[in-house]
Amino acid sequence: MNKNKVYIETYGCQMNFADTELVMGILSNKGYQITKDIAEANVILLNTCSIRDNAEQRIYGRLGNLKVIKDDNPETVIGILGCMAERLRKELIEERKIVDLLVGPDEYRRLPEFINTAFAGEKGIGVKLSRTETYDDIIPFREDGLSAWISVMRGCDKFCTFCVVPFTRGRERSRSLNSVIDEIKRLSERGFKEVTLLGQNVNSYNDGGNDFADLLAASASVDSQIRIRFTTSHPQDLSDKLLYTIAEYPNICNYIHLPVQSGSNRILELMNRTYTIEHYLNLIDKARKIIPGVSFSTDIISGFPTETYEDHLQTLEVMQTVGYDGAYMFKYSPREGTKAYNMKDDVPDEVKTKRLNEIIDLQHKISYEINQKMIGTEEIILVEGPSKKSDAFLAGRTDTNKVTIFPKAENIHPGDYVKVKINRATSATLFGEYTGRVRSITTVESARSGRLKRTSTKSGRTLVSANTKS
Ligand code: SF4
(Lines give C-alpha, C1' and ligand atoms only; values in the text may rest on other atoms or scores of the structure.)
Protein backbone atom coordinates (compact mmCIF):
# COMPACT_ATOMS: atom_id res chain seq x y z
CA MET A 1 0.00 0.00 0.00
CA ASN A 2 1.67 3.26 -1.16
CA LYS A 3 1.26 5.63 1.78
CA ASN A 4 3.06 8.50 0.09
CA LYS A 5 1.28 11.83 -0.08
CA VAL A 6 2.28 14.28 -2.78
CA TYR A 7 1.85 18.04 -2.65
CA ILE A 8 2.48 20.02 -5.89
CA GLU A 9 2.83 23.77 -6.44
CA THR A 10 2.70 25.00 -10.03
CA TYR A 11 4.29 28.16 -11.45
CA GLY A 12 4.30 29.73 -14.90
CA CYS A 13 2.25 29.03 -18.03
CA GLN A 14 -0.82 26.91 -18.76
CA MET A 15 1.49 24.22 -20.15
CA ASN A 16 2.88 23.79 -16.64
CA PHE A 17 -0.62 23.55 -15.11
CA ALA A 18 -1.51 20.91 -17.68
CA ASP A 19 1.77 19.11 -16.91
CA THR A 20 0.94 19.10 -13.20
CA GLU A 21 -2.34 17.30 -14.00
CA LEU A 22 -0.27 14.83 -16.02
CA VAL A 23 2.18 14.31 -13.13
CA MET A 24 -0.73 13.81 -10.71
CA GLY A 25 -2.18 11.25 -13.16
CA ILE A 26 1.13 9.34 -13.33
CA LEU A 27 1.58 9.36 -9.53
CA SER A 28 -2.02 8.49 -8.63
CA ASN A 29 -1.79 5.57 -11.09
CA LYS A 30 1.06 4.36 -8.87
CA GLY A 31 -1.08 4.70 -5.76
CA TYR A 32 0.27 8.04 -4.54
CA GLN A 33 -2.28 10.26 -2.80
CA ILE A 34 -2.50 13.85 -3.98
CA THR A 35 -2.88 16.32 -1.09
CA LYS A 36 -3.47 20.06 -0.99
CA ASP A 37 -2.09 20.20 2.57
CA ILE A 38 1.70 20.59 2.51
CA ALA A 39 1.91 19.61 6.19
CA GLU A 40 0.74 16.07 5.50
CA ALA A 41 2.90 15.51 2.40
CA ASN A 42 6.13 13.49 2.36
CA VAL A 43 6.80 14.41 -1.27
CA ILE A 44 6.76 18.13 -2.12
CA LEU A 45 7.12 19.10 -5.79
CA LEU A 46 7.51 22.56 -7.34
CA ASN A 47 6.63 22.68 -11.05
CA THR A 48 8.75 25.61 -12.17
CA CYS A 49 9.05 28.28 -14.88
CA SER A 50 12.23 29.78 -16.36
CA ILE A 51 10.77 32.28 -18.80
CA ARG A 52 12.14 35.31 -16.85
CA ASP A 53 14.61 35.81 -14.02
CA ASN A 54 11.96 36.81 -11.48
CA ALA A 55 10.12 33.51 -12.09
CA GLU A 56 13.26 31.66 -10.99
CA GLN A 57 13.91 33.99 -8.05
CA ARG A 58 10.45 33.11 -6.74
CA ILE A 59 11.42 29.43 -6.66
CA TYR A 60 14.66 30.11 -4.82
CA GLY A 61 12.60 32.06 -2.27
CA ARG A 62 10.15 29.14 -1.96
CA LEU A 63 12.99 26.64 -1.53
CA GLY A 64 14.18 28.80 1.37
CA ASN A 65 10.78 28.39 3.07
CA LEU A 66 10.76 24.64 2.42
CA LYS A 67 14.10 24.27 4.21
CA VAL A 68 12.19 24.57 7.51
CA ILE A 69 10.04 21.55 6.60
CA LYS A 70 13.12 19.60 5.50
CA ASP A 71 14.96 20.46 8.73
CA ASP A 72 11.93 19.30 10.77
CA ASN A 73 11.55 16.13 8.71
CA PRO A 74 14.68 15.17 6.69
CA GLU A 75 12.74 12.20 5.17
CA THR A 76 10.58 14.57 3.16
CA VAL A 77 11.48 14.51 -0.53
CA ILE A 78 11.70 17.98 -2.11
CA GLY A 79 11.59 18.01 -5.89
CA ILE A 80 11.91 20.49 -8.75
CA LEU A 81 9.95 19.81 -11.95
CA GLY A 82 9.55 21.82 -15.13
CA CYS A 83 11.79 24.26 -16.98
CA MET A 84 14.17 25.13 -14.12
CA ALA A 85 14.95 21.43 -13.71
CA GLU A 86 16.10 21.43 -17.31
CA ARG A 87 17.93 24.75 -17.26
CA LEU A 88 19.57 24.80 -13.81
CA ARG A 89 20.16 21.13 -12.99
CA LYS A 90 23.76 21.65 -11.89
CA GLU A 91 23.08 24.63 -9.64
CA LEU A 92 19.93 23.19 -8.07
CA ILE A 93 21.49 19.86 -7.15
CA GLU A 94 25.00 21.00 -6.20
CA GLU A 95 24.25 24.36 -4.56
CA ARG A 96 20.70 23.94 -3.25
CA LYS A 97 21.27 21.07 -0.88
CA ILE A 98 17.59 20.65 -0.04
CA VAL A 99 16.65 19.52 -3.55
CA ASP A 100 16.41 15.71 -3.71
CA LEU A 101 14.72 15.37 -7.06
CA LEU A 102 15.06 17.08 -10.42
CA VAL A 103 12.79 16.00 -13.24
CA GLY A 104 12.41 17.84 -16.55
CA PRO A 105 9.24 18.08 -18.72
CA ASP A 106 10.07 14.96 -20.80
CA GLU A 107 10.83 12.50 -17.98
CA TYR A 108 7.63 12.59 -15.88
CA ARG A 109 6.82 8.99 -16.74
CA ARG A 110 9.81 7.91 -14.58
CA LEU A 111 8.90 10.21 -11.66
CA PRO A 112 7.83 7.33 -9.33
CA GLU A 113 11.24 5.72 -9.93
CA PHE A 114 13.12 8.97 -9.22
CA ILE A 115 11.09 9.51 -6.02
CA ASN A 116 12.10 6.03 -4.85
CA THR A 117 15.73 6.89 -5.61
CA ALA A 118 15.38 10.02 -3.48
CA PHE A 119 13.73 8.06 -0.63
CA ALA A 120 16.74 5.74 -0.81
CA GLY A 121 18.98 8.74 -0.10
CA GLU A 122 20.29 9.33 -3.65
CA LYS A 123 19.44 12.28 -5.89
CA GLY A 124 16.64 11.45 -8.37
CA ILE A 125 17.61 13.18 -11.62
CA GLY A 126 15.76 12.90 -14.95
CA VAL A 127 16.43 15.75 -17.35
CA LYS A 128 16.70 14.15 -20.77
CA LEU A 129 14.77 15.91 -23.54
CA SER A 130 12.82 13.63 -25.88
CA ARG A 131 11.95 13.89 -29.57
CA THR A 132 8.95 11.63 -29.19
CA GLU A 133 7.42 11.88 -25.70
CA THR A 134 3.87 13.34 -25.80
CA TYR A 135 2.31 11.44 -22.85
CA ASP A 136 -0.73 10.86 -25.06
CA ASP A 137 -1.59 7.58 -23.29
CA ILE A 138 -1.60 9.21 -19.85
CA ILE A 139 -4.97 10.36 -18.43
CA PRO A 140 -4.37 13.61 -16.51
CA PHE A 141 -5.64 13.86 -12.93
CA ARG A 142 -8.35 16.51 -13.25
CA GLU A 143 -10.82 17.70 -10.66
CA ASP A 144 -14.39 18.26 -11.80
CA GLY A 145 -14.91 21.67 -13.29
CA LEU A 146 -15.93 23.67 -16.36
CA SER A 147 -12.65 24.45 -18.10
CA ALA A 148 -9.84 22.10 -19.02
CA TRP A 149 -6.46 22.63 -20.65
CA ILE A 150 -5.18 19.95 -22.98
CA SER A 151 -1.54 19.90 -24.17
CA VAL A 152 -1.75 18.80 -27.81
CA MET A 153 1.94 19.23 -28.56
CA ARG A 154 5.22 19.79 -26.72
CA GLY A 155 8.40 21.72 -27.43
CA CYS A 156 9.15 24.47 -29.95
CA ASP A 157 11.37 24.72 -33.05
CA LYS A 158 11.19 28.49 -33.50
CA PHE A 159 14.27 29.50 -31.46
CA CYS A 160 13.27 33.09 -30.84
CA THR A 161 16.54 34.55 -29.61
CA PHE A 162 15.15 35.66 -26.19
CA CYS A 163 13.38 32.40 -25.33
CA VAL A 164 14.46 29.43 -23.21
CA VAL A 165 11.58 27.15 -24.22
CA PRO A 166 13.36 25.29 -27.06
CA PHE A 167 16.14 24.47 -24.53
CA THR A 168 13.88 23.52 -21.62
CA ARG A 169 11.11 21.75 -23.55
CA GLY A 170 12.93 20.40 -26.62
CA ARG A 171 11.79 19.88 -30.22
CA GLU A 172 8.19 20.06 -31.42
CA ARG A 173 6.15 16.85 -31.35
CA SER A 174 2.38 16.42 -31.53
CA ARG A 175 -0.02 13.99 -29.84
CA SER A 176 -2.21 11.89 -32.11
CA LEU A 177 -5.49 13.56 -33.03
CA ASN A 178 -7.40 10.52 -31.71
CA SER A 179 -5.83 10.74 -28.23
CA VAL A 180 -6.88 14.41 -27.98
CA ILE A 181 -10.42 13.66 -29.20
CA ASP A 182 -10.76 10.79 -26.71
CA GLU A 183 -9.74 13.19 -23.94
CA ILE A 184 -12.36 15.76 -25.04
CA LYS A 185 -15.01 13.02 -25.17
CA ARG A 186 -14.19 12.11 -21.54
CA LEU A 187 -14.44 15.80 -20.57
CA SER A 188 -17.78 16.14 -22.36
CA GLU A 189 -19.11 13.14 -20.42
CA ARG A 190 -17.97 14.84 -17.19
CA GLY A 191 -19.84 18.07 -18.05
CA PHE A 192 -16.87 20.30 -18.91
CA LYS A 193 -17.95 23.29 -21.01
CA GLU A 194 -14.64 24.75 -22.21
CA VAL A 195 -11.47 23.17 -23.58
CA THR A 196 -8.27 25.07 -24.38
CA LEU A 197 -5.84 23.30 -26.71
CA LEU A 198 -2.29 24.11 -25.59
CA GLY A 199 1.08 24.27 -27.29
CA GLN A 200 4.07 26.62 -27.17
CA ASN A 201 3.31 27.13 -30.85
CA VAL A 202 0.03 25.29 -31.22
CA ASN A 203 -0.46 26.22 -34.90
CA SER A 204 2.41 24.02 -35.99
CA TYR A 205 0.61 20.97 -34.59
CA ASN A 206 0.89 18.01 -36.97
CA ASP A 207 0.48 14.35 -36.02
CA GLY A 208 1.68 13.21 -39.38
CA GLY A 209 -1.79 13.09 -40.93
CA ASN A 210 -3.62 16.00 -39.41
CA ASP A 211 -2.66 19.64 -39.05
CA PHE A 212 -3.96 22.09 -36.43
CA ALA A 213 -7.05 23.09 -38.45
CA ASP A 214 -8.01 19.40 -38.66
CA LEU A 215 -7.52 18.98 -34.92
CA LEU A 216 -9.57 22.10 -34.18
CA ALA A 217 -12.43 20.95 -36.45
CA ALA A 218 -12.42 17.47 -34.89
CA SER A 219 -12.30 18.96 -31.37
CA ALA A 220 -15.26 21.26 -32.10
CA SER A 221 -17.24 18.34 -33.51
CA VAL A 222 -17.10 16.26 -30.29
CA ASP A 223 -19.67 18.33 -28.40
CA SER A 224 -21.14 21.48 -29.97
CA GLN A 225 -21.85 22.91 -26.50
CA ILE A 226 -18.20 22.89 -25.47
CA ARG A 227 -16.31 26.09 -26.27
CA ILE A 228 -12.97 25.39 -27.91
CA ARG A 229 -10.03 27.77 -27.37
CA PHE A 230 -6.36 27.44 -28.23
CA THR A 231 -3.04 29.09 -27.31
CA THR A 232 -0.31 30.09 -28.20
CA SER A 233 -0.18 30.91 -31.94
CA HIS A 234 2.83 32.00 -34.00
CA PRO A 235 2.13 34.38 -36.89
CA GLN A 236 4.23 32.19 -39.16
CA ASP A 237 1.75 29.29 -38.89
CA LEU A 238 -1.67 31.03 -38.94
CA SER A 239 -3.04 29.50 -42.15
CA ASP A 240 -6.16 30.44 -44.15
CA LYS A 241 -7.42 26.91 -43.52
CA LEU A 242 -7.16 27.55 -39.77
CA LEU A 243 -8.97 30.90 -40.04
CA TYR A 244 -11.82 29.36 -42.09
CA THR A 245 -12.10 26.53 -39.60
CA ILE A 246 -12.50 29.01 -36.72
CA ALA A 247 -15.21 30.77 -38.74
CA GLU A 248 -16.97 27.53 -39.62
CA TYR A 249 -17.59 26.16 -36.10
CA PRO A 250 -19.77 28.32 -33.82
CA ASN A 251 -18.22 26.72 -30.72
CA ILE A 252 -14.65 27.61 -31.68
CA CYS A 253 -14.08 30.88 -29.85
CA ASN A 254 -13.55 34.08 -31.76
CA TYR A 255 -10.32 34.83 -29.99
CA ILE A 256 -6.72 34.48 -31.14
CA HIS A 257 -3.68 35.04 -28.93
CA LEU A 258 -1.07 36.19 -31.47
CA PRO A 259 2.20 37.40 -29.90
CA VAL A 260 3.81 40.26 -31.82
CA GLN A 261 6.63 40.95 -29.29
CA SER A 262 7.79 44.19 -31.03
CA GLY A 263 6.56 46.67 -33.65
CA SER A 264 10.01 47.17 -35.17
CA ASN A 265 11.15 44.99 -38.07
CA ARG A 266 14.78 45.51 -37.02
CA ILE A 267 14.04 44.16 -33.53
CA LEU A 268 11.85 41.33 -34.89
CA GLU A 269 14.81 40.23 -36.98
CA LEU A 270 17.13 40.30 -33.94
CA MET A 271 14.49 38.26 -32.10
CA ASN A 272 14.38 35.75 -35.00
CA ARG A 273 10.59 36.07 -35.09
CA THR A 274 10.57 35.24 -38.86
CA TYR A 275 7.88 37.75 -39.84
CA THR A 276 7.69 41.48 -40.57
CA ILE A 277 5.14 43.87 -39.17
CA GLU A 278 3.60 44.22 -42.63
CA HIS A 279 3.13 40.42 -42.78
CA TYR A 280 1.67 40.43 -39.26
CA LEU A 281 -0.81 43.25 -39.98
CA ASN A 282 -1.93 41.54 -43.22
CA LEU A 283 -2.69 38.46 -41.17
CA ILE A 284 -4.78 40.47 -38.74
CA ASP A 285 -6.71 42.07 -41.65
CA LYS A 286 -7.31 38.72 -43.30
CA ALA A 287 -8.48 37.15 -40.05
CA ARG A 288 -10.93 40.01 -39.48
CA LYS A 289 -12.38 39.50 -42.96
CA ILE A 290 -12.76 35.75 -42.51
CA ILE A 291 -13.94 35.84 -38.87
CA PRO A 292 -16.06 38.98 -38.27
CA GLY A 293 -15.73 40.17 -34.68
CA VAL A 294 -12.61 38.12 -33.96
CA SER A 295 -10.58 39.52 -31.05
CA PHE A 296 -6.85 39.45 -30.54
CA SER A 297 -4.50 39.48 -27.61
CA THR A 298 -0.73 39.51 -27.76
CA ASP A 299 2.66 39.36 -26.02
CA ILE A 300 5.03 42.36 -26.03
CA ILE A 301 8.62 42.69 -24.80
CA SER A 302 10.03 46.14 -24.01
CA GLY A 303 13.73 46.97 -23.95
CA PHE A 304 15.17 44.20 -26.14
CA PRO A 305 18.92 44.70 -26.76
CA THR A 306 19.63 47.75 -29.00
CA GLU A 307 15.98 48.83 -28.89
CA THR A 308 15.79 52.57 -29.70
CA TYR A 309 13.04 55.01 -28.80
CA GLU A 310 11.92 54.83 -32.47
CA ASP A 311 11.61 51.03 -32.22
CA HIS A 312 9.52 51.53 -29.09
CA LEU A 313 7.26 54.04 -30.86
CA GLN A 314 6.72 51.45 -33.61
CA THR A 315 5.51 49.00 -30.98
CA LEU A 316 3.04 51.57 -29.65
CA GLU A 317 1.90 52.22 -33.22
CA VAL A 318 1.19 48.52 -33.91
CA MET A 319 -0.81 48.28 -30.70
CA GLN A 320 -2.99 51.16 -31.88
CA THR A 321 -3.30 49.76 -35.40
CA VAL A 322 -4.41 46.30 -34.26
CA GLY A 323 -6.41 47.37 -31.19
CA TYR A 324 -5.73 44.34 -29.00
CA ASP A 325 -8.35 43.34 -26.47
CA GLY A 326 -5.55 42.44 -24.07
CA ALA A 327 -1.81 41.81 -23.85
CA TYR A 328 0.88 40.16 -21.73
CA MET A 329 3.58 42.79 -21.43
CA PHE A 330 7.05 42.29 -19.99
CA LYS A 331 10.46 43.93 -20.04
CA TYR A 332 13.31 42.00 -21.61
CA SER A 333 15.00 39.55 -19.22
CA PRO A 334 18.32 38.09 -20.46
CA ARG A 335 18.28 34.26 -20.33
CA GLU A 336 21.58 32.40 -20.25
CA GLY A 337 21.85 29.88 -23.09
CA THR A 338 19.71 31.91 -25.49
CA LYS A 339 21.20 33.74 -28.52
CA ALA A 340 20.07 37.14 -27.21
CA TYR A 341 22.07 36.50 -24.03
CA ASN A 342 25.20 37.18 -26.09
CA MET A 343 23.81 40.50 -27.26
CA LYS A 344 24.71 43.44 -25.03
CA ASP A 345 21.74 44.13 -22.73
CA ASP A 346 22.23 47.85 -23.41
CA VAL A 347 18.79 49.29 -22.62
CA PRO A 348 19.03 50.61 -19.02
CA ASP A 349 16.53 49.01 -16.63
CA GLU A 350 14.79 52.29 -15.86
CA VAL A 351 14.29 52.86 -19.61
CA LYS A 352 12.90 49.32 -19.99
CA THR A 353 10.51 50.04 -17.12
CA LYS A 354 9.48 53.45 -18.51
CA ARG A 355 8.74 51.94 -21.94
CA LEU A 356 6.89 49.00 -20.37
CA ASN A 357 4.70 51.42 -18.42
CA GLU A 358 3.90 53.34 -21.60
CA ILE A 359 2.93 50.06 -23.28
CA ILE A 360 0.76 49.03 -20.31
CA ASP A 361 -0.94 52.46 -20.14
CA LEU A 362 -1.68 52.39 -23.86
CA GLN A 363 -3.10 48.87 -23.66
CA HIS A 364 -5.37 49.87 -20.78
CA LYS A 365 -6.64 52.79 -22.86
CA ILE A 366 -7.25 50.56 -25.91
CA SER A 367 -9.00 47.84 -23.86
CA TYR A 368 -11.17 50.49 -22.20
CA GLU A 369 -12.20 52.00 -25.55
CA ILE A 370 -12.98 48.57 -27.05
CA ASN A 371 -15.07 47.61 -24.01
CA GLN A 372 -16.96 50.94 -24.06
CA LYS A 373 -18.11 50.08 -27.60
CA MET A 374 -19.68 46.88 -26.21
CA ILE A 375 -22.17 48.81 -24.05
CA GLY A 376 -25.65 48.08 -25.43
CA THR A 377 -24.62 44.78 -27.07
CA GLU A 378 -25.92 41.41 -25.93
CA GLU A 379 -23.20 38.82 -25.25
CA ILE A 380 -23.27 35.05 -24.80
CA ILE A 381 -21.63 34.27 -21.47
CA LEU A 382 -20.47 30.92 -20.15
CA VAL A 383 -21.25 31.23 -16.43
CA GLU A 384 -18.23 30.25 -14.32
CA GLY A 385 -19.53 30.96 -10.80
CA PRO A 386 -20.12 33.72 -8.24
CA SER A 387 -18.18 36.92 -8.87
CA LYS A 388 -15.06 37.31 -6.74
CA LYS A 389 -16.37 40.54 -5.21
CA SER A 390 -19.92 39.55 -4.28
CA ASP A 391 -22.14 36.45 -4.09
CA ALA A 392 -25.00 38.58 -5.35
CA PHE A 393 -23.34 38.55 -8.76
CA LEU A 394 -22.32 35.87 -11.24
CA ALA A 395 -19.17 35.90 -13.38
CA GLY A 396 -18.39 34.36 -16.73
CA ARG A 397 -16.72 35.13 -20.05
CA THR A 398 -17.67 36.03 -23.60
CA ASP A 399 -16.34 33.86 -26.41
CA THR A 400 -13.82 36.68 -26.99
CA ASN A 401 -12.56 35.89 -23.46
CA LYS A 402 -13.90 39.00 -21.68
CA VAL A 403 -14.80 38.68 -18.01
CA THR A 404 -18.45 39.66 -17.54
CA ILE A 405 -20.28 40.31 -14.26
CA PHE A 406 -24.07 40.39 -13.85
CA PRO A 407 -26.59 40.16 -10.99
CA LYS A 408 -27.53 36.62 -9.96
CA ALA A 409 -30.58 35.28 -11.84
CA GLU A 410 -32.88 32.50 -10.74
CA ASN A 411 -31.90 28.93 -11.71
CA ILE A 412 -28.72 30.07 -13.43
CA HIS A 413 -25.69 27.97 -12.51
CA PRO A 414 -22.03 27.55 -13.45
CA GLY A 415 -21.86 25.87 -16.85
CA ASP A 416 -24.96 27.60 -18.20
CA TYR A 417 -24.81 29.78 -21.30
CA VAL A 418 -26.77 32.99 -20.84
CA LYS A 419 -27.38 36.27 -22.66
CA VAL A 420 -26.21 39.42 -20.91
CA LYS A 421 -26.93 42.96 -22.07
CA ILE A 422 -23.81 45.04 -21.40
CA ASN A 423 -24.46 48.35 -19.62
CA ARG A 424 -21.06 49.30 -18.21
CA ALA A 425 -17.39 48.46 -18.82
CA THR A 426 -13.89 49.02 -17.50
CA SER A 427 -10.66 48.15 -19.32
CA ALA A 428 -10.76 44.64 -17.78
CA THR A 429 -14.41 43.81 -17.12
CA LEU A 430 -17.87 44.04 -18.68
CA PHE A 431 -20.99 44.52 -16.53
CA GLY A 432 -24.57 43.86 -17.55
CA GLU A 433 -28.03 42.45 -16.99
CA TYR A 434 -29.16 38.86 -17.53
CA THR A 435 -31.63 38.75 -20.45
CA GLY A 436 -32.18 35.04 -20.98
CA ARG A 437 -30.86 31.49 -21.03
CA VAL A 438 -29.13 30.15 -24.14
CA ARG A 439 -30.22 26.60 -24.94
CA SER A 440 -27.57 26.00 -27.57
CA ILE A 441 -24.53 28.10 -28.51
CA THR A 442 -24.68 26.54 -31.96
CA THR A 443 -27.99 28.23 -32.85
CA VAL A 444 -27.09 31.58 -31.31
CA GLU A 445 -23.56 31.71 -32.57
CA SER A 446 -24.62 30.69 -36.09
CA ALA A 447 -26.41 34.06 -36.10
CA ARG A 448 -22.86 35.42 -36.05
CA SER A 449 -21.88 33.11 -38.86
CA GLY A 450 -24.98 34.16 -40.82
CA ARG A 451 -22.59 36.69 -42.30
CA LEU A 452 -20.69 33.80 -43.91
CA LYS A 453 -21.35 31.65 -46.98
CA ARG A 454 -20.62 27.86 -47.06
CA THR A 455 -19.47 25.97 -50.18
CA SER A 456 -18.33 22.33 -50.33
CA THR A 457 -14.96 21.38 -51.84
CA LYS A 458 -14.35 18.18 -53.87
CA SER A 459 -12.70 16.69 -50.74
CA GLY A 460 -15.99 17.22 -48.94
CA ARG A 461 -14.69 19.96 -46.69
CA THR A 462 -16.89 22.99 -46.08
CA LEU A 463 -15.29 26.24 -47.28
CA VAL A 464 -16.56 29.40 -45.58
CA SER A 465 -16.30 32.89 -47.09
CA ALA A 466 -17.81 36.29 -46.36
CA ASN A 467 -21.50 36.36 -47.42
CA THR A 468 -21.61 39.59 -49.43
CA LYS A 469 -25.42 39.43 -49.67
CA SER A 470 -25.94 39.91 -45.84
S1 SF4 B 1 7.62 30.59 -30.51
FE2 SF4 B 1 9.44 31.64 -29.76
S3 SF4 B 1 8.74 32.64 -27.87
FE4 SF4 B 1 7.26 31.05 -28.36
S5 SF4 B 1 7.93 29.24 -27.22
FE6 SF4 B 1 8.79 29.12 -29.29
S7 SF4 B 1 10.86 30.01 -29.12
FE8 SF4 B 1 9.66 30.67 -27.32
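Cut-offs used in this document
- Residues numbered from 1 in each chain as written.
- Predicted model: local features only at pLDDT ≥ 70, side-chain atom pairs only at ≥ 80, totals over all residues.
- Heavy atoms only, no water.
- Helix = DSSP H or I, 4+ residues; strand = E, 2+ residues; numbered from the N terminus.
- Rg over C-alpha atoms; globule rule 2.2 N^0.38 Å.
- Buried < 20%, exposed > 50% of the residue type's maximum accessible area, 1.4 Å probe, protein only.
- Areas by Shrake-Rupley, 256 points an atom, 1.4 Å probe, with all protein chains shown as cover.
- Lys, Arg positive; Asp, Glu negative; His and termini not counted.
- Charge placed at Lys NZ, Arg CZ, Asp CG, Glu CD.
- Near = heavy atom within 4 Å.
- Nonpolar A, V, L, I, M, F, W, Y, C, P; charged D, E, K, R; others polar.
- Expected span 1.5 Å × (residues − 1).
- Bend = angle between axes of the 7 residues up to and from the residue.
- Contact = heavy atoms within 4.5 Å.
- Pairing = 2+ DSSP bridges.
- Right-handed = clockwise from strand over helix to strand, strands pointing away.
- Axes fitted to C-alpha atoms, helices over the stretch in contact; angles between N-to-C directions.
- Phe/Tyr/Trp six-rings, centres within 6.5 Å; stacked < 30°, edge-to-face > 60°.
- pLDDT = per-residue confidence, 0-100.
- Parallel < 35°, antiparallel > 145°, perpendicular 65-115°, else oblique.
- Left-handed = near helix turned anticlockwise from the far one by under 90°.

Notes on the overall build of the protein chain
Along its length, the protein chain carries 14 helices and 21 strands. Taking 23 Å as the expected radius of gyration for a compact globule of 470 residues, we find that the protein chain reaches 23 Å, a close match to that expectation. By principal-axis analysis of the C-alpha atoms, the protein chain measures approximately 75 × 55 × 50 Å. When the 470 residues of the protein chain are sorted by exposure, 55% land in the buried category. As displayed, the protein chain has an accessible area near 20,500 Å², and 52% of this comes from carbon and sulfur atoms. Positive and negative side-chain charges of the protein chain, numbering 64 and 63 respectively, have mean locations separated by a distance of 3 Å.

Digging into the site of the ligand
Residues in contact with the ligand, as listed here, are Cys156, Lys158, Phe159, Cys160, Phe162, Cys163, Val165, Pro166, Gln200, His234 and Arg273. Residue composition of the shell around the ligand, grouped by class: seven nonpolar, two polar and two charged.

Describing helix α2 (residues 53-72)
In this model, α2 (20 residues) spans 30 Å end to end at C-alpha, consistent with the 28 Å of a helix rising 1.5 Å per residue. Taken as a whole, α2 carries its principal kink of about 30 degrees at Leu66. If you check which residues of α2 are buried, you get Ala55, Glu56, Ile59, Tyr60, Arg62, Leu63, Leu66 and Lys70. Where the residues of α2 are buried, they touch β1 (5-10), β3 (43-48), β4 (77-82), α3 (83-87) and α4 (89-94).

Points about the pairing of β3
With six of six residues buried, β3 is to be regarded as a mostly interior element. Judged by which residues are buried, β3 turns out to be covered on both faces: Val43, Leu45 and Asn47 on one side and Ile44, Leu46 and Thr48 on the other are all buried. With five bridges joining them, β1 and β3 adopt parallel strand pairing. Along β3, the bridge assignment pairs Glu9 with Leu46. One crossover worth recording links β3 to the parallel β4 by way of α2, and it is right-handed.

Digging into the sheet that holds strand β11 (residues 227-231)
Pairing is parallel across the open sheet formed by three strands, whose spatial order is β7-β10-β11. Among the strands making up the open sheet, the edge pair consists of β7 (147-151) and β11. Within the sheet, the average angular offset between the axes of one strand and its neighbour, ignoring direction, is 25 degrees. Note that strand β10 (residues 194-198) and β11 share five bridges and pair parallel. Note on β11: the bridge partner recorded for Thr196 is Arg229. The strands touched by helix α7 (residues 177-189) are β7 and β10; relative to β7, the strand with the most contacts, the crossing angle is about 165 degrees. Packed on one face of the sheet, helix α8 (residues 212-222) meets β10 and β11 and runs near 155 degrees to β11.

Considerations on the packing of aromatic side chains
Per the counting criterion, the structure on display carries five aromatic pairs. Look at Phe212 and Phe230: their rings are 5.3 Å apart centre to centre, the planes differ by 65 degrees, and that puts the pair in the edge-to-face class. Placement of the pair is Phe212 in helix α8 and Phe230 in strand β11, with a sequence separation of 18 residues. An identical accessibility class is assigned to Phe212 and Phe230; each is buried. On the numbers, 5.2 Å between centres and 70 degrees between planes, the contact of Phe304 with Tyr332 is edge-to-face.

A word on the sheet that holds β3
Strand order in the open sheet formed by six strands is β2-β1-β3-β4-β5-β6, and the pairing between neighbours is parallel. The outermost strands of the open sheet, each flanked by one partner alone, are β2 (33-34) and β6 (124-126). Pairing analysis gives six bridges linking β3 to β4, with the strands arranged parallel. Among the inter-strand pairings, Asn47 is bridged to a residue of β4, identified as Leu81. Contacting β1, β2, β3 and β4, helix α1 (residues 14-29) crosses the sheet at an angle of about 170 degrees to β1. Contacts from α2 reach β1, β3 and β4 within the one sheet, and its direction differs from that of β3 by about 180 degrees.

Structural notes on the environment of Met343
With respect to the helices and strands, the residue Met343 is situated in the loop between β14 (326-331) and α13 (349-372). For the pair Met343 and Pro305, spaced 38 residues apart in the sequence, the C-alpha separation amounts to 6.5 Å. Those residues within four positions of Met343 in sequence are excluded, and the remaining contacts are Thr161, Leu270, Phe304 and Pro305.

Some points on the confidence of the model for the protein chain
Overall, the prediction assigns the protein chain a mean pLDDT of 93, with 93% of residues at 70 or greater. Here residues 461-470 is modelled with pLDDT under 50, and outside its nearest four sequence neighbours on either side it reaches 32 contacts, counting other chains as well.

Re α1
In this model α1 runs 23 Å from its N-terminal to its C-terminal C-alpha over 16 residues, within 8% of the 22 Å that 1.5 Å per residue would give. Burial of α1 is extensive: 12 of the 16 residues sit out of reach of the surface. Burial in α1 covers these residues: Met15, Asn16, Ala18, Asp19, Thr20, Glu21, Leu22, Val23, Met24, Gly25, Ile26 and Leu27. Downstream of α1 by one or two residues, Gly31 has phi in the positive range, about 90 degrees.

Here's the deal with the pairing of β4
The buried fraction of β4 amounts to six of the six residues, a majority that puts the element mostly inside the structure. Here three bridges tie β4 to strand β5 (residues 101-103), and the two strands are oriented parallel to one another. When the sheet's bridge partners are listed, Ile80 is paired in β5 with Leu102.

Some words on the packing of helix α11 (residues 277-290) against helix α12 (residues 309-322)
Each pair of packed helices can be described by the angle between their axes along with the distance between the axes. The contact between α11 and α12 brings their axes to 11 Å, and the two run at 10 degrees. As summarised for this structure, α11 and α12 are arranged roughly parallel, according to the angle between their axes. The hand of the α11/α12 crossing is right-handed. Across the interface between the two elements, Ile277, Tyr280, Leu281, Ile284 and Arg288 from α11 touch Val318, Thr321 and Val322 from α12. Along the lines of polarity and charge, the residues of the contact of α11 with α12 split into six nonpolar, one polar and one charged.

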